[in-house]
Each structure stands twice: as structure tokens, then as C-alpha cells.
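# Residue-level structure breakdown
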Amino acid sequence: MSPRAPPRAAAARVAASVSAPAAQDDASLLERLQRGAFAYITRYSNPLNGLVADTSRAGAPCSIAVVGFALTCYIVAVERGWLSRTAAAQRVLVTLRFFSASSQREDPQATGYQGFYYHFLDMTCGERVWGCELSFIDSTLLIAGVLAVGLYFDRPQEAEIRDTAEALYRRVDWRWAQNNTPTLAQGWLPEVGFLHYGWEGYNEALILYILALGSPTHSLGRSCFETWTLTYQWERLLGQDVLYSGPLFTHLFSHAWIDFRGIRDGFMRTNRSDYFENTCRSVALQREYCERNPRQVVGYARDIWGISAGDGPTGEGAREYATDRRYFGYMARGVPFGPDDGTLCPWAMLATVPFTPQAALAGTRRLLSSFPQVCREDRFASGFNPSVNPESGGWVSEGWYGLDQGLLVIMIENARSGLIWSLLRESAAVRRGLRRGGFSGGWLTR
Amino acid sequence: MKSRPRSASVRARSGAARAPRGHGQRLAGSSHRYDLAVIGAGPAGLAAALLAARSGARVALFERERLGGTSLNSGSVPSKALIRSATLFAGIREATRLQGSGQREPIADLAKIAARLRRIEERIAGYHSLARLARDGVDVHFGAAKFIDPHAIATGATRFRFKKALVATGAVAAAAGIPGLAEGSYVTSESVFGLTQLPEQLAVVGGGPLGCELAQAFCRLGSHVTIIQDEAKFLPREERDAAQILARAMARDGVEIRLNTRVVGARAAGARVVLETENYKTRDTIAADRVLVSVGRVPNVAGLNLEAAGIAFDGLNGVAVDDFLRTSNPNVYAAGDVCMDHKYTHVAESTGRMAVQNALLRQRLRYSGLIIPWCTFCIPEIAHVGLQIWEAREKSIPVKTYTMMMQDIDRAITDRQDTGFVKLHVVEGHDRIIGATIVASRASEMINEVCVAMHSGIGLRRLGRVMHTYPSQASAICLAAMSMDEPC
């Protein structure tokens with residue numbers, strides 16, 4: 001298929017500006033930051049197998065989730081004119097061929113098992129590293145990218161992309177990932193079996209359930225999703241009626257691919273909302289929290305927020321009677337229930353631009369003007385804590401994280417043109433998964 | 001029911017077969033036929049015996065150890081007293097740091113703290129002394145009571161016939177069940193209060209309420225504490241946000257946390273114990289001066305000869321009762337930890353009284369009608385009443401929660417006790433409260449306001465109109481309730 005041309009494509013193709021963010025209009029700023037984020041994908045990928053590094057740090061392994069984002073980013077790059085369609089298709093094909101041919105075995109050195117993949121892979125040989133888990137959510141993010149390219153590359157000479165994408169999706173055994181329980185497990189280790197952790201409460205697993213429900217080969221039963229949603233909490237919190245989940249990324253990952261505007265499952269019908277609106281309210285909640293700034297940390301403000309999963313400073317703070325002054329390193333932070341150690345994810349505000357564009361852009365502009373050190377080479381760092389060493393500009397995470405960059409490319413595109421949302425609305429798998437999950441209304445009924 | 005003159009029906013004897021600590025006598029009735037025979041003088045048994053006696057029944061109360069049961073002697077009372085000492089110590093330590101460098105941190109003298117616990121126990125025990133029970137008309141018999149047939153109990157060679165009986169023998173700490181960890185080489189959540197020397201390194205096995213409370217308390221007293229929990233989170237019965245706040249609070253205090261970790265073995269190493277642990281098949285060891293095992297409590301049914309009375313039971317769930325607390329013997333009831341999933345002192349007292357009301361006073365009170373609060377007394381405390389959200393949703397009840405963060409409560413801010421929240425659960429579209437969770441420094445007190453509202457049918461809107469003192473932590477409840485009518 002050939003997606004509609006982005007409505008503001010002409011403006012968006014303006015070359016990246018070198019001027020200060022404050023001097024740029026919104027379209028130019030978005031173009032610049034989107035392209036900067038995309039540059040991570042090409043710079044830190046292995047052209048021989050399509051794997052993309054988890055971070056820009058030396059020796060970093062591949063994160064399969066980043067690959068899923070990267071595949072989707074190639075679509076954006078074609079539409080934005082940053083890559084030719086042929087070059088993008090070649091990159092995609094290399095990636096899909098790698099996963100298709102990769103070892104799917106129970107042994108610890110394999111690339112995956114039961115159609116899922118290990119969270120981190122060696123950038124060169126593609127084998128499991130760090131003794132990591134077979135990750136069901138990270139595999140899902142990879143598969144989401146696979147489905148996206150399978151839809152986008154619709155020309156006759158691109159048939160191998162479509163066929164391979166379909167085959168990769170069909171071989172994922174989602175039912176196996178239930179481990180004979182009512183809901184999905186979080187992962188599996190070849191040495192010990194399934195992880196004990198379950199998915200409790202709303203989080204990024206929404207897309208996992210939808211793709212698992214939509215599988216033509218190993219679909220979950222409908223009750224599996226319903227059972228998971230029994231752990232949801234609908235609450236009025238800091239002035240918002242919200243399905244709470246602390247880290248901001250949990251309100252974004254599923255939405256990178258799926259357009260949740262106007263479609264509702266049973267839970268959202270009961271509460272007269274939808275997941276898109278819920279993300280908007282979660283943004284409002286973050287802004288409210290950061291304005292109140294109960295921990296009195298440096299930096300938080302109504303226009304400086306973005307508390308999510310990301311890198312952060314470490315250190316054992318003083319063992320205090322009433323106040324937690326520890327720093328958590330890489331951590332999924334969330335508010336208002338915590339954990340909150342004053343670390344912000346500089347990319348997070350901009351990633352909400354399809355939901356709350358004014359707040360996202362106002363926040364991003366203020367961040368860039370107040371703390372320009374968080375954005376180098378037009379790419380945001382993973383974490384920033386201005387309370388740590390404030391005299392030297394605060395603590396800033398080294399390098400960049402692939403997840404942040406991939407998410408930004410896609411979310412900015414969804415804000416600019418709705419490209420990825422439009423694309424996945426045509427996915428039979430997504431539509432089937434949503435319907436089996438009880439979603440209805442909006443574009444799903446058309 | 002016949003009443004009897006109390007003064008004539010009891011007499012003091014000396015030379016008890018097993019004298020209670022602190023008392024040199026036992027009291028027994030002149031007759032061996034009773035309207036109600038109560039086995040166990042813990043919270044359930046005492047509450048039941050007193051209510052029955054005050055209602056005019058002839059009551060025998062059997063106890064094989066000490067009056068007051070686990071709660072008083074090795075449970076709620078000493079643990080709360082220990083937590084108070086630990087909180088005081090943490091405050092002193094912080095104050096010492098605020099004094100500046102060069103100040104030595106205080107060192108806890110556990111012997112003095114243990115002595116304080118004993119004084120507190122003795123003081124509270126006075127409210128249920130033998131003399132008071134006698135004045136209320138309760139015949140107390142010390143010794144191991146057991147059923148000998150469906151209508152009779154014996155202690156030693158003495159038989160007692162009853163019209164109704166109540167089994168209220170409570171629960172005991174579950175055995176460790178760890179290979180290599182011999183009986184006597186560890187302490188339990190009951191025997192830990194006998195320690196007189198603060199362990200330098202304490203390993204706590206079990207992340208339930210008691211394990212968490214004691215781990216944090218000993219950490220605050222100055223021990224290096226490692227807590228080992230075989231599940232993915234602490235307090236499996238509590239909601240995620242509460243359990244996570246507790247985990248962070250313990251880590252903040254310095255407790256070393258090992259979740260998803262099983263203790264698979266133990267061995268002695270000199271005066272220390274080395275625990276062998278497994279986390280997803282990754283083996284590790286933890287060396288400790290003391291091991292505290294807190295892996296739950298099991299019903300105390302040993303030696304009761306329940307079979308003789310036709311009373312159904314099992315070792316895991318204890319005595320089986322119906323919604324009226326009646327056992328499979330229609331003349332025998334049970335109450336408290338020996339038959340309840342909710343093993344709390346207040347539940348024991350309440351069910352003890354309920355059993356008497358049903359057994360003797362011709363009432364038909366149902367256990368399922370009780371509104372049961374509970375609290376884990378960590379810092380912050382975690383209290384709950386009514387339905388959890390997932391329980392409501394499993395019953396297809398659409399539930400909405402009104403939440404107030406303690407960090408937005410003035411009194412919590414002034415006291416630097418601003419960790420936690422108040423969550424009030426109502427049926428969506430209504431204001432009937434169906435449950436609440438409170439995480440706050442005084443959650444155990446605050447939850448009672450919600451209990452009163454639920455018991456009295458006070459909805460969220462009326463609760464929000466109740467004037468609260470300012471500043472107070474309880475105002476969080478009022479503000480959460482008021483938020484119902486605030487625009488989003």
C-alpha cells in the first residue's frame with residue numbers, strides 16, 4: 001500500500017536547522033528532533049543483520065524491542081525522504097531474514113524460542129547475551145515493527161518482506177507464553193522456565209495482549225485479556241479520572257503502533273474513556289505532580305516533566321528516618337506513587353506530542369532552553385537529574401538509548417501525519433486482536 | 001438460660017497443675033457442667049467467655065499456658081512495642097546526624113527493650129487477670145483440654161460436660177521447613193521477643209506482614225537485615241501500589257531485599273547460620289547471627305482430640321466452620337485464628353463474641369457480614385478494609401477509586417510522614433464505600449473512620465461533609481471523599 005502523503009510533508013522536508021529551538025517553529029523543531037532521533041537507528045545498527053544496539057555505549061548488545069521500533073522508523077524515513085524506499089526495503093529485508101533464519105531452540109545460546117526472542121542479542125552473531133530472558137513484551141514490540149513493514153512494503157518486488165513478516169508473526173506461540181495460567185507470563189529462561197512475575201495493573205502489555213489475541217495460529221482466549229484487565233484500577237488521582245500506570249512509557253509504547261482514539265474495550269466503555277484519552281490524562285497527571293513537586297527536587301515544573309523508565313544516577317543516599325534520598329540508576333520511575341528520585345526522561349515530553357501537542361512542545365522548548373545539555377546531536381539523553389551536582393548542570397545519562405529514539409521518531413510522525421496509526425489500522429491482525437479483546441467503536445467499526 | 005450468683009459459683013484454689021506465669025492460683029467452678037466451655041484464653045476465648053458470663057451463662061475457660069494468647073504474649077502487643085522502640089531509635093539516629101559530625105550513633109540494648117516489652121505485656125495482661133475473670137463469673141481451668149465425646153471435655157482426669165463449646169485455640173508459628181535449619185537454631189515471629197542481644201546480622205525468611213514488620217524494626221534498631229521472600233512482592237494480599245511503597249520504605253531504611261528467592265538449605269558456621277538461597281536457580285548464601293522464620297501461622301489443633309467430638313478440621317485450614325461459626329458438631333463453635341483465614345486479634349475477639357451470640361443468645365450472625373479491617377504495622381503502615389479492587393471486579397462490580405496522596409496533606413508534610421495514600425473504593429456511579437486501602441504513618445487509626453462509614457452506610461459524599469480537625473492525617477480521608485464531586 002502507499003500511505004497518504006503527510007499533510008505537512010513540504011514543510012517537514014525542510015533541512016534540519018542549526019538554529020536554537022526557540023527560534024524555530026514547531027514543524028521545524030519536530031523535523032529536526034525527529035531526524036536526529038532517526039540518525040541513531042542508522043548509526044547504531046548492524047547492516048549485515050539489521051540488529052540495532054540497545055544504547056550507543058561501546059559494546060552494547062542489540063535490544064529486540066529497538067529493532068521493532070527501527071523497522072517502523074524505516075517507514076517514516078521513506079516518507080520523509082531520509083531513505084530511499086529501496087534502501088529501506090533492503091534494511092528491512094536483512095533484518096527479517098536474520099530473525100527468520102535465527103535459531104529457535106530451547107538451548108541458552110539460541111536467538112529465540114517458540115517464536116519469541118531473547119531480550120538482548122549479540123550485535124554480530126545474534127545469540128542471546130547476558131543470560132537474559134526470552135522477553136514476551138520486547139518480542140511483541142519487535143513483532144509490531146514486523147507487522148508494520150509487512151503492511152507498508154506492498155509492491156510486487158517487496159513480496160519477501162510481506163511473506164517473511166507474516167511467517168514471523170504466525171510462529172509466535174502466544175498460548176505457550178501463558179504457561180497454563182489465565183494470563184501471560186512476562187518471560188522465560190531456558191535455565192529455569194517461566195518467570196514468576198505477572199502483569200498486574202495497566203501497563204505497556206496492552207499491545208502484547210492485542211497481538212496475541214489477533215494471532216491466526218496461536219491466539220489467546222478472550223478470557224485471558226479480560227482476566228488481565230481485572231487488575232486494572234480506575235481512580236481519581238490528582239484531579240484526573242485515570243487508569244493509572246506510573247511510568248509514562250507505559251502509556252506510549254502500545255500507542256506507537258495502534259491508534260486508540262475512539263475505540264473502547266469493556267473497561268473503557270464502563271468508564272466512558274479510551275486509552276488515547278487515558279494517555280492525555282496521564283500527561284496531565286504528570287504535569288500536576290511536577291508542579292506540586294512534593295519532593296522539592298530541582299527542575300520539576302508544570303512545563304518540565306516526563307517521569308518514566310530510563311537511565312539515572314546511582315548512589316546510596318543517607319539512610320534517613322523519613323525521606324528516601326536514594327538514586328535508582330536505570331529504573332521504571334512513576335508518579336505520584338513512585339519511585340521518584342528527581343530523574344526526568346528528557347525525551348518523554350516530546351513523545352507525548354500526538355496526545356497533548358501543546359504540553360509536549362511547551363515542555364520540550366522549556367527543557368531545551370533551561371537544560372540544553374540533555375540534547376546533543378539533536379538526540380535526547382535517556383535520563384537527566386538536575387538535583388545531582390546542580391552546580392555542574394546536573395547528572396546527564398551518557399549517550400543515547402535506542403528505545404527512546406525509536407519511540408520519538410514514531411510518535412512525532414503520528415503527530416505530524418498519523419502515518420503509523422493509519423498503517424496499522426489496516427492490519428488484519430490488529431483489528432482481529434482488538435475485536436477479540438472486546439474493542440469496538442470508532443475506526444474499528446468502519 | 002439459668003443465671004447464677006457469681007460470688008458463690010467461683011472459688012480460688014491453689015496448687016494449680018500448671019500455674020500461669022505471674023499468678024499463683026487457679027480458679028475453677030464448683031460444678032463440672034457448663035453452659036459454655038471455651039478452649040483457649042486468647043482474644044477469641046476471652047471475649048467469648050466474658051460475654052457469655054455477663055449474659056448469665058455458666059462458663060468454663062480452659063488454657064494450657066498463659067491468659068492472653070499469642071497476641072498478648074508473643075504477637076501483636078510485643079511487636080507493636082518493639083516497633084515503637086525501633087521508631088524511636090530511628091528518630092534518635094536521625095537527630096544524631098543532624099547534630100553534625102563526630103556524634104556516635106546510639107546502640108540499641110535489646111535486653112532493656114525486651115524488659116520493656118515484658119512490662120507492657122504485664123500491664124495489658126492485668127485487664128484480663130484471673131481475679132477479673134473470676135469477678136465476671138468465668139471459671140478458669142489451666143491444663144491441656146481435649147474433647148472426649150461430643151458433649152464433654154477433659155483436662156487430665158477431670159471431665160467437664162458442656163451444652164455448647166467454643167474452640168478458640170488460635171494459631172502457632174509455622175515451622176521453617178528448611179533443610180538443615182534445626183529446631184532451636186532459629187527464632188520465629190513468636191519467640192523473637194525473647195532475644196536479649198541485638199543480632200548484628202539478621203536474616204528474615206518470609207515477606208508477609210509479620211516478617212516485614214520485624215525486618216524493618218530490627219533494621220531500625222541497628223541490625224543489618226536481609227529479608228527473603230519467595231514471591232515477586234511483599235504482602236501478596238495487598239494491592240501493588242501499597243506493596244511497592246513498602247518495599248521502597250524497607251530499602252530506604254537499609255533492609256536488604258531478596259524477592260523471588262527461596263531458602264533451600266541451611267548450615268551452621270560457628271556461631272552463625274548460613275542460608276542457602278535460590279533465585280531462578282541462581283544459588284547464593286546469606287550468613288547471619290540470627291535467623292527469623294516468619295512463614296505464616298498454622299491453626300493450633302494439636303491435642304484437642306477433635307475427632308472425638310465429630311469436629312471436622314485439617315492441619316492447614318484448621319477447624320471447619322459455617323457462616324455462623326458452627327463446626328460439624330452443632331453444639332461446638334470455633335472462633336479466631338484456629339478457623340479464620342484472617343488471623344488478627346480484632347477478628348478473633350469479634351468472632352469470639354459472635355460465636356457466643358449465635359450459640360447461646362439465639363442470634364444468627366454471619367461471618368460474611370463482618371467488615372474486617374487489617375493493618376501491617378510497618379513504617380508507613382498499610383491498612384485495608386472491605387474489597388480489594390480485583391475482588392470487586394471479579395464479582396463484576398464496577399469500581400472507582402478516589403485517591404489522596406499523603407504528600408499533599410499538610411499534617412503529613414509538617415510531620416515528614418508524607419509517604420503513602422488514601423484510596424476509597426466505591427461502586428462506579430454511586431457513593432457507597434466498598435473498600436479502602438490506606439498507606440500512612442497512622443493508617444491503623446485512619447482505617448477505622450472508613451470502617452465506621454461502611455458499617456453505618458455513610459457514603460462518600462456524607463463522609464466528605466464531616467468536618468475534620470486541621471491539620472490531621474485523617475483529613476486525607478475527607479479530601480479523598482470530597483474529590484468525588486470535584487470536576488476533572
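Now for a quick tour of the structure. In this text, all values refer to a predicted model and were calculated from it rather than measured experimentally.

Let's shift gears to the overall build of chain A. Scanning chain A for helices and strands turns up 16 helices and 17 strands. Taken over C-alpha atoms, the radius of gyration comes to 21 Å for chain A, in line with the 22 Å a tight globule of 446 residues would show. Taken over the C-alpha atoms alone, chain A extends approximately 55 × 50 × 45 Å along its principal axes. Every one of the 446 residues in chain A was classed for burial, and the buried ones make up 67%. For chain A, the proportion of contacts with a sequence separation of at least 24, taken over those separated by at least 6, is 67%. Roughly 14900 Å² of accessible area belongs to chain A as shown, and the carbon and sulfur atoms make up 50% of that amount. Across chain A, the centroid of the 44 positively charged side chains sits 6 Å from that of the 43 negatively charged ones.

Here we take up the sheet that holds strand E3 (residues 116-118) of chain A. Residue and element names in this part refer to chain A. The five strands lie next to each other as E2-E3-E5-E6-E7, forming an open sheet whose pairing is antiparallel. The sheet is open, and its two borders are formed by strand E2 (112-113) and strand E7 (193-194), each paired with just one other strand. For E3 and strand E5 (residues 134-135), the ladder comprises two bridges, and the chain directions are antiparallel. Bridge pairing links Tyr 118 to Leu 134 in E5.

This next bit is on the side chain of Asp 265 of chain A. Residues and elements named next belong to chain A. Residue placement: Asp 265 occurs in the loop between helix H9 (253-257) and helix H10 (266-270). No salt bridge forms around the buried Asp 265; measuring N to O, its nearest opposite-charge neighbour Arg 269 is 6.4 Å away. One polar contact links the side chain of Asp 265 to the main-chain amide nitrogen of Met 268, over a distance of 2.9 Å. Excluding residues that lie within four positions of it along the chain, Asp 265 makes contacts with Phe 225, Tyr 275, Gly 437, Gly 438 and Phe 439.

Now for the pattern of salt bridges. In this structure the tally under the stated criterion is 53 salt bridges over all chains. Residue Arg 237 of chain B is joined to Asp 341 of chain B by a salt bridge in which the shortest nitrogen-to-oxygen separation is 2.8 Å. Separated by 104 residues along the polypeptide, Arg 237 of chain B in the loop between strand E12 (224-228) and helix H8 (240-253) and Asp 341 of chain B in the loop between strand E21 (332-334) and helix H9 (345-359) bring together distant segments of the chain. A residue is classified by how much of its surface remains accessible, and Asp 341 of chain B, at 56% relative accessible area, is exposed. With its nearest N and O atoms 3.0 Å apart, the salt bridge here joins Glu 256 of chain B to Arg 258 of chain B. Residue classification places Glu 256 of chain B among the partly exposed positions, given a relative accessible area of 30%. When its relative accessible area of 19% is taken as the criterion, Arg 258 of chain B is described as buried. Bridged by salt links that share partners, the residues Glu 235 of chain A together with Glu 239, Arg 240, Asp 241 and Lys 423 of chain B form one connected network.

Applying the stated rule across the entire model yields 43 aromatic pairs over all chains. Ring centres 6.1 Å apart and planes at 40 degrees place the aromatic pair Phe 116 of chain A and Trp 176 of chain A in the tilted group. Here Trp 176 of chain A lies in the loop between helix H6 (159-170) and strand E6 (187-189) and Phe 116 of chain A lies in strand E3, a separation of 60 residues in the sequence. By the burial criterion, Phe 116 of chain A is buried, and Trp 176 of chain A matches it. Every member of this aromatic cluster is reached through a ring pair, and the members are Tyr 202, Tyr 209, Phe 225, Trp 228, Tyr 232, Trp 234, Phe 260, Phe 267, Tyr 275 and Phe 439 of chain A. Lying across the ring of Tyr 152 of chain A, Arg 85 of chain A places its NZ or CZ 4.8 Å from the centre. The residue whose ring lies beneath Arg 237 of chain B is Trp 374 of chain B, and the NZ or CZ to ring-centre distance is 5.4 Å.

Glancing now at the interface of chain A and chain B. Each partner contributes to the interface: chain A provides 42 residues, whereas chain B provides 44 residues. When the two sides are added together, the surface that chain A and chain B hide from each other amounts to roughly 3900 Å², 47% of it contributed by carbon and sulfur. Here chain A is connected to chain B by five salt bridges. Linking chain A with chain B are 15 residue pairs in polar contact (both at pLDDT 80 or more), by the criterion used here. Looking at the side of chain A that touches chain B, the elements with two or more residues in it are strand E8 (234-237), strand E9 (240-243), H10 and helix H11 (275-292) of chain A. In terms of residue count, E8 of chain A provides more of the side of chain A that touches chain B than any other element does, four residues in total. For the side of chain A that touches chain B, the class distribution of residues is 20 nonpolar, 11 polar and 11 charged. Alignment of E8 of chain A against strand E24 (residues 399-405) of chain B, held across two bridges, turns out to be parallel. Looking at E24 of chain B, one finds that Arg 236 of chain A is bridged to Tyr 402 of chain B.

Residue and element names in this part refer to chain B. Sheet analysis places strand E10 (residues 187-188) next to strand E17 (residues 290-293), joined by two bridges and oriented parallel. Each bridged residue has a counterpart across the sheet, and for Val 187 the counterpart in E17 is Leu 292. The pairing of strand E11 (residues 201-205) with E17 spans four bridges and is parallel. Of the residues in E17, the one forming a bridge with Val 205 is Val 293.

Residue and element names in this part refer to chain A. The N-to-C vectors of helix H2 (residues 26-43) and helix H14 (residues 402-416) enclose an angle of 145 degrees; their axes lie 8 Å apart at closest approach. Note that H2 runs across H14; the crossing there is left-handed. Facing H2, whose interface residues are Ala 27, Leu 30, Glu 31, Leu 33, Gln 34, Ala 37, Phe 38, Tyr 40 and Ile 41, H14 presents Gly 402, Gln 405, Gly 406, Leu 408, Val 409, Ile 412, Glu 413 and Arg 416. When its residues are assigned to classes, the contact of H2 with H14 shows 10 nonpolar, four polar and three charged.

The next subject is the sheet that holds strand E14 (residues 262-269) of chain B. Residue and element names in this part refer to chain B. Strand order in the open sheet formed by three strands is E14-E15-E16, and the pairing between neighbours is antiparallel. The open sheet has two free edges, formed respectively by E14 and strand E16 (282-288), since each of these has just one partner strand. Strand-to-strand, the axes of this sheet are offset by a mean angle of 25 degrees, without reference to chain direction.

Right, let's get into the environment of Phe 377 of chain B. Residues and elements named next belong to chain B. Position of Phe 377 among the secondary structure elements: in the loop between strand E22 (373-376) and strand E23 (381-386). With relative accessibility at 23%, the residue Phe 377 sits in the partly exposed group. Sequence spacing of Phe 377 and Ala 440 is 63 residues, and the spatial spacing of their C-alpha atoms is 10.0 Å.

So, about the pairing of strand E8 (residues 158-167) of chain B. Along any regular strand, the residues point their side chains to alternate faces of the sheet. Residues and elements named next belong to chain B. Summarising the sheet, strand E3 (residues 33-39) and E8 pair through six bridges and their orientation is parallel. Looking at the pairing, Arg 33 lines up with Arg 161 of E8. For strand E7 (residues 152-155) and E8, the ladder comprises four bridges, and the chain directions are antiparallel. Pairing of Ala 152 across the sheet is with Arg 161, part of E8.

For the rest of this paragraph, the subject is unusual backbone geometry. Cis geometry marks the peptide bond from Ile 379 of chain B to Pro 380 of chain B; its omega dihedral reads 5 degrees. Along the chain, Pro 380 of chain B turns up in the loop between E22 and E23. Residue Tyr 470 of chain B is joined to Pro 471 of chain B through a cis peptide bond whose omega torsion reads -10 degrees. Mapping Pro 471 of chain B onto the fold places it in the loop between helix H13 (460-465) and helix H14 (475-482). Phi at Asn 179 of chain A takes a positive value of approximately 55 degrees, unusual for a residue other than glycine. Within the secondary structure layout, Asn 179 of chain A lies in the loop between H6 and E6. Notably, Asn 260 of chain B is not glycine yet its phi reads approximately 55 degrees, a positive angle. Residue placement: Asn 260 of chain B occurs in the loop between strand E13 (256-258) and E14.

How each quantity is defined
Residues numbered from 1 in each chain as written. Chains lettered and ligands numbered in written order. Predicted model: local features only at pLDDT ≥ 70, side-chain atom pairs only at ≥ 80, totals over all residues. Heavy atoms only, no water. Helix = DSSP H or I, 4+ residues; strand = E, 2+ residues; numbered from the N terminus. Rg over C-alpha atoms; globule rule 2.2 N^0.38 Å. Buried < 20%, exposed > 50% of the residue type's maximum accessible area, 1.4 Å probe, protein only. Contact = heavy atoms within 4.5 Å. Areas by Shrake-Rupley, 256 points an atom, 1.4 Å probe, with all protein chains shown as cover. Lys, Arg positive; Asp, Glu negative; His and termini not counted. Charge placed at Lys NZ, Arg CZ, Asp CG, Glu CD. Pairing = 2+ DSSP bridges. Salt bridge = Lys/Arg side-chain N within 4 Å of Asp/Glu carboxyl O. Polar contact = N/O pair within 3.5 Å; in protein donor to acceptor, adjacent residues only side chain to side chain. Phe/Tyr/Trp six-rings, centres within 6.5 Å; stacked < 30°, edge-to-face > 60°. Lys NZ or Arg CZ within 6 Å of the ring centre and 35° of its normal. Buried area = accessible area lost by both parts, 1.4 Å probe. Nonpolar A, V, L, I, M, F, W, Y, C, P; charged D, E, K, R; others polar. Axes fitted to C-alpha atoms, helices over the stretch in contact; angles between N-to-C directions. Left-handed = near helix turned anticlockwise from the far one by under 90°.

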